[in-house]
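Structural characterization, general
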Amino acid sequence: MSSQCLLIALDYKLNFKPEKAGKIPALQERVAERVYNLLTSNGGLYIKIGQAIGNNAALLPKPLQEKFSKLFDDAPQVPYSVVESVFRKEFGRAPAGPDGIFEVFEEQAAASASIAQVHRAKLKTDDDSEQWVAVKVQKPDVSKQVEWDLGAFRIVMWIYENYLFDLPVYFVVDFITDHLRRELDFELEAKNAQRTSQFVASEPRLADRVYIPKVFPELSTKKVMVAEWIDGVRLSDRRGIGRLMGDEALDPPPRIPLPADRFPTLSGGAKWVMRTMVELFSAQIFSWGWVHCDPHPGNIIVRPHPKRRGKPQFVLLDHGLYVRLSDTFQQQYARLWKGLLTVDFDVVKSVAEDWGIGTPDLFASATLMRPVRFKQNDLPDFDNMNDYERGVVMKEKLKGFLTDTDRMPKELIFIGRNMRCALLLSPSLILCPDIIIILRNNQSFGSPVNRIRITAYWASRSLVTSHDMSLVTRLRELVHHLIFLSVMFSIDILFWATKLRQWFWSHFGHRGESFEDELERTMRDFAKSNFGVDIPEKVFEG
């Protein structure tokens, strides 16, 4: 692995030069092929790293965009014989059979990912009731090579920073390796699920709408985890969600048979789904300080509410990777959001300075996912630059962006989906929170909710309800919160104006731009003018 990474780095070092500008596209093709082969041949954690890069591939060269998009396909399953050997090592028994753990264990995995696969099983019960569970089994090769992989990752990042690229990348290593180790501990994942369930139960606005599957600690180990099986429609099934929620915009004619047909139609439409998602992750960031770091559509299920007929319930899966946010970070991040929406750029600059960030306008753009510019500066003339010159400008922008990595809160690395490994080439996306995942889903479903307003409301509310405040400070924040709510009215007007245009064009057989479509278009223009990068359309759709 180390030798392959060094070969890739040396290729760039030797061939990314002004006199070889015309050969840089071929260099990018070569590097994309080598990186993709490196990740897929090693599997496990390497696939997760590649998926993290893929989440930020918009600002990478086109060959890398195309290669990394392939890493989101289902990972190959390990055979049942391997699964059985894991069970015998962990429990001393087979998954099923006369002396097995379960009454029934389906040998074909229901799903397979980079580090584990999930099987459906039926518990042994005293009352003969049917209790089906999801059994997550870690692939043996992952744990065997993890320390070597992480050690090699540490060495390569040090060489990249100190000898090859002169870019600030090594500061993320300890934080990333620590959290990746945690993700391989399924006993910890079970505890994470239980803790998240407690947080959800404590929030009245989410307690009935959101569900965390029950885990079975007595049947779980560091390599095997057992949780309640949930039957529903995954958020990744856009048309299925439309059928389930009775949303014709997502499920247009002609009507075709879908797995979602086994459920009754539920109320609320896509708007209910996305409002619940935005509020759930806003609560995690601003209220609980406990953030799920992999909220992709495959980890979210919508099902009929078990106690309320005709109502939906939002189910969050895969609790292997969480980040705990400090009270100080939560308050700073809430102040940042509030400052952005009320155009208080002094606050934004103050937070950026506290975090060692030298370009607060890029930082603000990445956080809000829309272009923000504090003052009019002369922009580089990228149209008249070659590939080498554009790369040099991007490198200098990154070095100016991260001026003091010791002060940058490491939580920002994982608030984005897993880790932002596009660090080398994507300064404006390093600090994108889970909001980028929410943006993708909201855009995919036609932007049914005003994501920015909902998130900003939770941010402002958290400043009012914070426990570490004097009475005078709390009253002042309450007044600011009321002023903030009035400012939000203007954002609502923009949102509904966009919805009205979208509705108008739909009646003429056209797909009008949604709120998120317009934000994406302005972000693409921003990336072009600031980085010289052509981001593909619909890049944020997931």
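Residues numbered from 1 in each chain as written. Predicted model: local features only at pLDDT ≥ 70, side-chain atom pairs only at ≥ 80, totals over all residues. Heavy atoms only, no water.

**Side note on the overall build of the chain**
When you go through the chain residue by residue, the secondary structure sums to 19 helices and 11 strands. Here the chain holds 542 residues, and 55% of them are scored as buried. Pairs at least 24 residues apart make up 65% of the contacts formed inside the chain by residues separated by at least 6 positions. Summing over all exposed atoms, the chain offers an accessible surface of approximately 24100 Å²; the carbon and sulfur share of this is 54%. (Helix = DSSP H or I, 4+ residues; strand = E, 2+ residues; numbered from the N terminus. Buried < 20%, exposed > 50% of the residue type's maximum accessible area, 1.4 Å probe, protein only. Contact = heavy atoms within 4.5 Å. Areas by Shrake-Rupley, 256 points an atom, 1.4 Å probe, with all protein chains shown as cover.)

**Looking at the environment of I24**
Locating I24 in the fold gives a position in helix α2 (residues 24-42). I24 gets classed as buried once you look at its relative accessible area, which sits at 0%. Once residues within four sequence positions are removed from consideration, I24 is found in contact with N15, F16, D387 and Y388.

**Points about the sheet that holds strand β5 (residues 210-211)**
A sheet is described by the order of its strands in space; here 4 strands give the open sequence β5-β10-β9-β7, paired in mixed fashion. Edge strands, defined here as strands with exactly one partner in the open sheet, are β5 and β7 (233-234). With 5 bridges connecting them, strand β9 (residues 300-304) and strand β10 (residues 312-316) associate as antiparallel partners. When the bridges of β10 are listed, I301 appears paired with V315. Of the strands in this sheet, β5, β9 and β10 are in contact with helix α10 (residues 269-288), which crosses β10 at around 40°. (Pairing = 2+ DSSP bridges. Axes fitted to C-alpha atoms, helices over the stretch in contact; angles between N-to-C directions.)

**Notes on the packing of helix α11 (residues 327-341) against helix α12 (residues 345-354)**
When two helices pack together, their arrangement is given by the angle between the helix axes and the distance between those axes. With their axes 8 Å apart at the nearest point, α11 and α12 run at an angle of 145° to one another. Two packed elements cross with a definite hand, and for α11 against α12 that hand is left-handed. Residues Q332, R335, L336, G339 and L340 of α11 form the contact with α12, whose participating residues are V347, V348, S350, V351 and D354. Taken together, the residues of the contact of α11 with α12 break down into 5 nonpolar, 3 polar and 2 charged. (Left-handed = near helix turned anticlockwise from the far one by under 90°. Nonpolar A, V, L, I, M, F, W, Y, C, P; charged D, E, K, R; others polar.)

**Looking at the packing of α11 against helix α17 (residues 451-465)**
It is at 8 Å that the axes of α11 and α17 come closest, and there the two elements cross at 130°. With respect to α17, the element α11 is oriented oblique. Once α11 is placed against α17, the crossing between them reads as left-handed. For the pair α11 and α17, the contacting residues are Q331, A334, R335, W337, K338 and L341 in the first and I452, T455, A456, A459, S460, S462 and L463 in the second. Of the residues that constitute the contact of α11 with α17, the class distribution is 7 nonpolar, 4 polar and 2 charged. (Parallel < 35°, antiparallel > 145°, perpendicular 65-115°, else oblique.)

**So, the environment of I155**
As for its position among the elements, I155 is in helix α6 (residues 140-164). For I155, a relative accessible area of 47% puts it in the partly exposed group.

**A few points about helix α14 (residues 387-401)**
In this model α14 runs 21 Å from its N-terminal to its C-terminal C-alpha over 15 residues, within 8% of the 21 Å that 1.5 Å per residue would give. Of all the residues in α14, the buried ones are M394, L398 and F401. Axial view of α14: buried residues confined to an arc of 60°, hence all on one face. (Expected span 1.5 Å × (residues − 1). Arc of directions from axis to C-beta.)

**What about the pairing of strand β4 (residues 132-138)?**
Most of β4 sits inside the fold, with 6 of its 7 residues counted as buried. In terms of strand pairing, strand β3 (residues 116-122) meets β4 through 7 bridges, oriented antiparallel. Across the sheet, the residue bridging to K122 is W132, located in β4. Bridging between β4 and strand β6 (residues 224-228) involves 5 bridges; their strand directions are antiparallel. When the sheet's bridge partners are listed, V135 is paired in β6 with V226.

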